[in-house]
Amino acid sequence: MASQSTQLSAAIALVQLLTERPDLSEHMSWTVSRTSPVLVGYIHDGGVQVLDDCMKFLGGSVRADHTYEIGGERMRQHVLTSTWRDVRVEVLLSLPVAAEAVAA
């Protein structure tokens, strides 16, 4: 039962987040983890600006995570980690490694 209540908390937080900031869903998709009480957002377009908007709204901090290769291009995943409405939130953004130097 505990996992259901944590999933419910994450689902409620997602509804509140989308109600307060519907613009964030224009560039993202969201999931509620089945195995842990985490709300996860995936940035599909808008890049660093959307990640910055999420950080301003949710708080937290961003860290560079793992590097991987797709289609011959090196990518690095960046993760915003926050607690919002007592729910852990992670927002993920993948960027080409070469683009990081330009964004910095």
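Read on for an overview of the structure. Keep in mind that what you see is a predicted model, and the values were worked out from it rather than measured.

The rules behind the values
Residues numbered from 1 in each chain as written. Predicted model: local features only at pLDDT ≥ 70, side-chain atom pairs only at ≥ 80, totals over all residues. Heavy atoms only, no water. Phe/Tyr/Trp six-rings, centres within 6.5 Å; stacked < 30°, edge-to-face > 60°. Helix = DSSP H or I, 4+ residues; strand = E, 2+ residues; numbered from the N terminus. Buried < 20%, exposed > 50% of the residue type's maximum accessible area, 1.4 Å probe, protein only. Lys NZ or Arg CZ within 6 Å of the ring centre and 35° of its normal. Expected span 1.5 Å × (residues − 1). Arc of directions from axis to C-beta. Core = buried A, V, L, I, M, F, W, Y, C linked by side-chain atoms within 4.5 Å. Contact = heavy atoms within 4.5 Å. Pairing = 2+ DSSP bridges. Axes fitted to C-alpha atoms, helices over the stretch in contact; angles between N-to-C directions.

### Brief notes about the packing of aromatic side chains
Overall, the coordinates contain one aromatic pair when judged by the stated rule. Ring plane angle 45° and centroid distance 5.5 Å describe the contact between phenylalanine 57 and tryptophan 84, whose orientation is recorded as tilted. With phenylalanine 57 in helix 2 (residues 47-58) and tryptophan 84 in strand 4 (residues 73-84), the pair connects residues that are 27 residues apart, well separated along the chain. For phenylalanine 57, a relative accessible area of 22% gives the class partly exposed. Above the plane of the ring of phenylalanine 57 lies arginine 21, whose end atom (NZ or CZ) is 5.4 Å from the centre.

### Side note on helix 2
Under the 1.5 Å per step criterion, the end-to-end length of helix 2 is 17 Å for 12 residues, consistent within 8% with the ideal 16 Å. Along helix 2, the residues classified as buried are Gly47, Val50, Leu51, Cys54 and Leu58. The buried residues of helix 2 occupy one face: seen down the axis, they fall within an arc of 100°.

### Some words on the nonpolar core
Counting residues in hydrophobic clusters, the biggest one holds 20 residues, and the most contacted among them are Met28, Trp30, Ile43, Cys54, Leu58, Val89 and Val91. Broken down by secondary-structure element, the contributors of at least two residues to this core are helix 1 (2-20), strand 1 (28-32), strand 2 (38-43), helix 2, strand 4 and strand 5 (87-96). Examining the composition of this core, we find that five residues originate from one element, strand 5, more than from any other. Beyond its immediate chain neighbours, meaning those up to four positions away, valine 89 contacts Trp30, Leu39, Leu58, Leu80, Thr81, Ser82 and Trp84.

### As for the side chain of glutamine 77
Within the secondary structure layout, glutamine 77 lies in strand 4. Residue class for glutamine 77 comes out buried when judged on its relative accessible area of 14%.

### Points about the environment of valine 50
With respect to the element layout, valine 50 can be found in helix 2. Residue class for valine 50 comes out buried when judged on its relative accessible area of 4%. With residues up to four places along the chain from it excluded, the contact list for valine 50 reads His27, Met28, Ile43 and Asp45.

### Let's talk about the pairing of strand 1
Strand direction decides the pairing type here: strand 1 and strand 2, joined by five bridges, are antiparallel. Of the residues in strand 2, the one forming a bridge with tryptophan 30 is glycine 41. Between strand 1 and strand 2, which pair antiparallel and follow one another directly, the connecting turn spans five residues.

### Thoughts on the sheet that holds strand 1
Within the open sheet, the five strands sit side by side as 1-2-5-4-3. Their pairing is mixed. Both edges of this open sheet fall to strand 1 and strand 3 (61-70), since each of them pairs with a single strand only. Between one strand axis and the next, the sheet turns by 25° as a mean value, whatever way the strands run. Across five bridges, the pairing between strand 2 and strand 5 is parallel. Pairing of tyrosine 42 across the sheet is with leucine 92, part of strand 5. Helix 2 rests against strand 1, strand 2, strand 3, strand 4 and strand 5 of the sheet, and its axis sits at about 15° to strand 4.

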